Amino acid sequence: MKQTLYLAWRYLAYHRVKTLILVFSITLIVYLPIGLRVLVDQSSQQLTARAEATPLVVGAKGSPLELVLNTLYFRSDYPELMRYEQATRISSSQLATAIPMYVRFNAQGHPIVGTSYEYFEYRGLEIVAGRQLGILGECVLGSRVAEALDVGPGDFVISSPESVFDLAGVYPLRMRVAGVLGFSDTADDDAIFVDVRTTWIIQGLGHGHQDLTRPEAAASVLTRDSSNVVGNAAVVQYNEITEDNIDSFHFHGDISQNPLTAVIALPPDQKSSALLQGRYQGDDEVAQISRPVTVMNELLGTILTVQSFITAGAVIVGIATLATAALVFMLSLRLRRREIETLFKIGGSRLSVASVMTSEIVAVLLAGVILAGGLTFLTSQFGSAAIRAFIRM
Amino acid sequence: MSQWTRRGLAALALAAVLAGCGEQRRSDTAGSVERDDDGKLTVYVVDYPLQYFAQRIGGDLVQVEFPAPADVDPAYWSPDADVVSRYQSADLILLNGAGYAKWVSTATLPISKLVDTSVEITDRLITVEDATTHSHGPVGEHSHGEVAFTTWLDPTLALDQAHAIRQAFASALPEGEEAFHQRFDSLADDLLALDARLRDFFAGIGDRPLLASHPVYQYMARHYELNLASVHFEPDEYPSENAWWDLGKLLAEHPAEWMLWEGEPMAETSSTLAELGVRSVVFDPCGNAPEQGDYLTVMRENVSNLIEVFGG
């Protein structure tokens, strides 16, 4: 047996290029469908985990997919806007805890997530440097944002205008970094979190300015009578909220009419969840309620369809490759006829010769399968992280 | 765009989504009240009357915290980041509502833990009518108008606020509901007795003109139908010449003989007022914790002060 394996080994080593090509081909044949499956399964679990951790999302009527992607992953265009009163409506119902979400603006390419203090508790996000949000105008950074922008507590992040042509619209707001969140390996790592009212200030729905009734603001006053002071274009509006000017910040109109992209609803039990969902079934209802897990499963269903096409393609290519490999082995046998005859002439039995040939084939197949197994293991460990790193490059 | 096209595009966006879809940790239901090891609710308040009501109703089931320093007016106090952090960690945060404690509107506090004790009395809140309006930018004319906030000086409003506290406690700690109910009844009896005493006294005043050193007695004046006008005098500052001139004009139309003060005024101020025929009497609104006694004893002392100067 030892001699048989030695002969097979020597043959493979001598024809190393042919052997390597065969091993590589078999590795790919085995790895491609399995590795893809592992990657998709892993990604599906991750996607579903975040969706399952978010029981209900309420938003304006429109695409549930956009609503969920924007609310959970801070991706996609922002969905139709709804009013803050929807958050109050959920809280007042006492059927769920309401977490307002306003994910519309960004700073240096990172989404600004306007939300409430409850979001951090709910997602289990811990501050690792600095402190939590304290006042309006402060922000807390996801770990990857802090790393990418190289900023920390006490530094500043400036919101980006929505459009360079919107000169009268969104003013950049200089936001002080209060703290940095620990790494969570979620979309939260790539976000900048602020109080939802700070996003309204970014949008211009609230602002701070010098007190027009004070003498030092005389240059900014257009007209003044006993009950009204009209400011001119020189009124100094603050683009940063500090302890000195925070008292001048205020919102105009009814805050309940201010915009949100979504409300995350956290019902305490199934009954409350069912009752809350029932309240959004009316024809005249302006809001929709979505179960993120359902929406994501529909999306994953589409992805799995795509995956099955890829798998089918990989299987066809695999069959073709195996057939080619079989052909290579058969041709190889024909080319090695004289070698085989020599083996017979020097006393090798038919069984011994067959064993040598079989050992060569098994060794090649085994090497390919082992390599594919190793690659699959690496994929299961580092696949998702590698894709994320590649995309961020 | 067809649904399948949209889904196809969404599927192609999988890779992009993967960039942010790592392992998700889930905490327990947000907003649920997590109590201390001793089982007490930790409650933070924004003024002293709320602290008093909460302590009376909560008893030994509630730990009430009011971190404002004793020498500040809580209405205009702003806590630093550390104190805000303590508020954030509370089980419940009791707000007076009516715009009291302006810092609340610019601080990041857990919304699910906020209890606006004035939410059931919004239709009875008083808007300050002489707030100056101004115009700038696209918003047009507007004011940062204010609502009178010393609601607790009308004991019936205070009772409604106490009722809101009882409900919040019972919701957060259902096993204590019976105890909260009993203690609330006791507090209600005290507040109604105070109301009866003030009503009896002010009935004797009738529509005689009165002055207030500060516009903080609006709810009391409305409830007891007082003929009260306000100026802006500080107990620890001698008023400016302009302020005296304005007072003279006011007295011509509103010939008051008494001015209610939040605290003991300077002797010099009292003397000048006396020359104008106006005597001073302290009616402490008790927004911050008193050096001695509690909300009820301060209010009873206020009544005693009034009886002493006006006669019982």
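Residues numbered from 1 in each chain as written. Chains lettered and ligands numbered in written order. Predicted model: local features only at pLDDT ≥ 70, side-chain atom pairs only at ≥ 80, totals over all residues.

**Looking at the environment of B:Leu95**
All names here are of chain B.
Move 1: For Leu95, the position within the fold is in strand E3 (residues 92-95).
Move 2: For the pair Leu95 and Asp47, spaced 48 residues apart in sequence, the C-alpha separation works out to 8.0 Å.
Move 3: Those residues in contact with Leu95, other than ones at most four positions away along the chain, are Val46, Val104, Leu114, Val115, Asp116 and Thr117. (Helix = DSSP H or I, 4+ residues; strand = E, 2+ residues; numbered from the N terminus. Contact = placed C-beta atoms within 7 Å.)

**Regarding the nonpolar core**
Move 1: Core analysis: the largest hydrophobic core is formed by 143 residues, its most contacted members being A:Cys139, A:Ile192, A:Val263, B:Val43, B:Ala54 and B:Leu94.
Move 2: Ranked by residue count, the leading element in this core is helix H5 (residues 155-172) of chain B, at 8 residues.
Move 3: Those residues within four positions of B:Ala54 in sequence are excluded, and the remaining contacts are B:Val43, B:Val45, B:Val62, B:Val64, B:Leu94 and B:Ile165.
Move 4: With 8 residues, the next largest nonpolar core counts A:Leu22, A:Ile26, A:Val364 and A:Ala372 among its residues. (Core = buried A, V, L, I, M, F, W, Y, C linked by C-beta atoms within 7 Å. Buried ≥ 20, exposed ≤ 12 C-beta atoms within 10 Å, placed from the backbone.)

**With respect to the packing of helix H6 (residues 177-205) of chain B against helix H10 (residues 295-310) of chain B**
Residues and elements named next belong to chain B.
Move 1: Two numbers describe how H6 lies on H10: the axes approach to 11 Å, and their chain directions differ by 15°. It follows that H6 is roughly parallel to H10 by the angle criterion. Two packed elements cross with a definite hand, and for H6 against H10 that hand is left-handed. When H6 is examined against H10, the residues Asp190, Leu194, Arg197, Leu198, Phe201 and Ile205 are found in contact with a partner set consisting of Leu296, Met299, Val303, Leu306, Ile307 and Phe310.
Move 2: Tallied by class, residues from the contact of H6 with H10 come to 10 nonpolar, no polar and 2 charged. (Axes fitted to C-alpha atoms, helices over the stretch in contact; angles between N-to-C directions. Parallel < 35°, antiparallel > 145°, perpendicular 65-115°, else oblique. Left-handed = near helix turned anticlockwise from the far one by under 90°. Nonpolar A, V, L, I, M, F, W, Y, C, P; charged D, E, K, R; others polar.)

**Regarding the domain arrangement of chain B**
Residues and elements named next belong to chain B.
Move 1: Looking at chain B, the domain boundaries give domain 1 (41-125 + 145-191) and domain 2 (202-310).
Move 2: With centres defined by C-alpha atoms, the gap from domain 1 to domain 2 works out at 27 Å.
Move 3: Domain 1 puts 20 residues into the contact, and the matching count from domain 2 is 14 residues.
Move 4: Contributing elements (two or more residues each) for the side of domain 1 that touches domain 2: helix H3 (48-58) and H5.
Move 5: When grouped by side-chain class, the residues that make up the side of domain 1 that touches domain 2 number 12 nonpolar, 4 polar and 4 charged. (Domains from an automatic or database assignment.)

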